[in-house]
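# Summary of the model geometry
Residues per chain are reported as follows:
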Amino acid sequence: MKSRSRYLKEAQQIIVSLGLPRAQQNDRSALILLALLNLIPGKSWADAEAPLMGITPIMDWVREHFKKHYAPNTRETVRRQSMHQFCDAGIVLYNPDHPDRPVNSPKAVYQIEPSALALLRTFDTAAWHDNLPEYLAKRESLVERYANEREQNRVPVEIMPGRKITLSPGEHSELIREIIESFAPRFAPGSVLVYAGDTGDKWGYFDAALLSELGVEVDLHGKMPDVVLYFKSKNWLLLVESVTSHGPVDGKRHEELKALFIDSMAGLVFVTAFPNRALMARYLGEIAWETEVWVVDAPSHLIHFNGERFLGPYSGDS
């Protein structure tokens with residue numbers, strides 16, 4: 001039976017042959033590849049499988065079968081420094097069982113791409129040397145095809161007439177679309193989108209220049225609200241939180257946002273958006289006073305939490 005070190009060396013040889021960058025030509029990526037093939041010691045490459053596996057199960061598999069322990073806080077390293085590159089190269093598929101699964105879902109899984117699996121099953125045979133160049137010649141078109149499929153699952157958002165952006169799939173992006181396309185025209189007509197967060201890319205859309213003109217320089221480590229709208233006719237910045245991300249604008253979040261936008265030359269309005277009233281009911285006790293609540297299933301209504309103004313800034317702002 002081959003030793004564990006032999007399996008590891010062969011997996012690294014494959015990674016090099018497939019043209020992955022030097023940063024991925026290491027033990028970590030080799031072990032991940034072996035896990036994705038369920039190639040436990042004693043199996044041949046012809047026995048490679050294609051299980052659906054999440055990051056934690058992959059790390060557990062590596063510990064069990066190759067005695068390599070990765071601490072829980074290395075999950076992001078595994079995901080960002082190995083798995084992303086495997087996916088970008090078309091070797092591994094992301095959520096093939098459920099392509100529109102939200103990118104931050106704990107149910108996210110990965111699987112060896114079928115053509116790559118067929119190739120790897122021929123490793124350590126004479127056929128490998130014929131199959132490798134054929135696979136590499138076709139891979140570019142495969143990568144493009146999967147990229148197009150991922151793009152089709154993204155959520156389109158019209159940020160102004162004739163101009164759209166797309167956000168990662170999931171209920172969070174669906175709610176952000178409703179905020180921009182339904183809430184803004186009703187309660188801040190003519191407003192301009194300044195920022196829209198994305199679960200897959202923190203800065204889904206960001207007009208940093210406009211925010212700077214309003215006196216706000218955002219620290220990249222500062223936690224932005226999900227949507228920022230500039231209501232020019234009123235000189236207001238609407239800071240909108242989608243409850244599907246980190247909850248409503250509660251007292252703590254209210255203070256965080258005021259601190260983040262303390263230098264704003266525009267008045268600040270704080271809004272929490274909910275997809276429905278049933279979900280809103282669960283958070284009523286947490287919502288901060290002097291904020292607004294908007295619900296998708298009652299889009300023409302706004303709920304005001306106390307204060308002397310209805311949809312307007314406080315603290316002497318106009």
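Before reading on, note that the structure itself is shown above.
Now for a description of the structure that goes with this document.

Conventions used here
Residues numbered from 1 in each chain as written. Predicted model: local features only at pLDDT ≥ 70, side-chain atom pairs only at ≥ 80, totals over all residues. Heavy atoms only, no water. Helix = DSSP H or I, 4+ residues; strand = E, 2+ residues; numbered from the N terminus. Buried < 20%, exposed > 50% of the residue type's maximum accessible area, 1.4 Å probe, protein only. Pairing = 2+ DSSP bridges. Contact = heavy atoms within 4.5 Å. Axes fitted to C-alpha atoms, helices over the stretch in contact; angles between N-to-C directions. Core = buried A, V, L, I, M, F, W, Y, C linked by side-chain atoms within 4.5 Å.

### Observations regarding the environment of Ala-188
Turning to its location among the elements, Ala-188 is positioned in the loop between α7 (171-187) and β5 (192-196). Among the residues examined, Ala-188 registers a relative accessible area of 1% and is labelled buried. Along the chain, Ala-188 and Lys-234 lie 46 residues apart, while their C-alpha atoms are 8.9 Å from each other.

### Thoughts on the pairing of strand β7 (residues 227-231)
Burial analysis of β7 places 5 of its 5 residues in the buried class, which makes it a mostly covered element. Residues Val-227, Leu-229 and Phe-231 line one face of β7 and the alternating positions Val-228 and Tyr-230 line the opposite face, and both faces are buried. As paired strands, β5 and β7 are joined by 4 bridges and run antiparallel to one another. By the bridge assignment, Ala-196 is partnered in β7 with Val-227. Where β7 lies against strand β8 (residues 236-242), 5 bridges are found, and the strand directions are antiparallel. By the bridge assignment for β8, Val-228 is matched with Leu-239. Taking the residues that link successive antiparallel strands as the turn, the β7-β8 hairpin has 4 residues, and the phi of Asn-235 there is positive, at about 55°.

### Comments concerning the sheet that holds strand β9 (residues 267-274)
Read from one edge to the other, the open sheet built from 7 strands follows the order β6-β5-β7-β8-β9-β10-β11, with strand pairing classed as mixed. Of all strands in the sheet, those bounded by a partner on one side alone are β6 (205-206) and β11 (302-304). In the sheet, β8 pairs with β9 via 7 bridges, with the strands oriented parallel. In the strand pairing of β9, Glu-241 is matched with Thr-272. Docked against the sheet, helix α10 (residues 251-260) engages β8 and β9, running at close to 140° with respect to β9.

### A few points about the environment of Phe-86
Summarising the element assignment, Phe-86 is placed in helix α4 (residues 75-88). The exposure class assigned to Phe-86 is buried, which follows from its relative accessible area of 1%. Once the C-alpha coordinates of Phe-86 and Glu-113 are considered, the two residues, 27 residues apart in sequence, prove to be 9.9 Å apart. Setting aside residues up to four positions removed in sequence, Phe-86 forms contacts with Ile-15, Leu-20, Ser-29, Ile-32, Leu-33, Ile-91 and Val-92.

### Some remarks on the nonpolar core
Ranked by size, the top nonpolar core spans 43 residues in total, and within it Leu-34 and Ile-91 carry the most contacts. When contributions to this core are tallied by element, the ones reaching two or more residues are α1 (4-17), α2 (27-36), α3 (55-66), α4, β2 (110-112), α5 (114-120) and α6 (126-152). At 7 residues, the largest contribution of residues to this core is made by α2. The residues contacting Leu-34, other than those within four sequence positions of it, are Tyr-7, Leu-8, Ala-11, Leu-39, Trp-45, Trp-61 and Phe-66. Counting residues in hydrophobic clusters, the runner-up holds 27 residues, among them Ile-179, Val-227, Val-271 and Leu-302.

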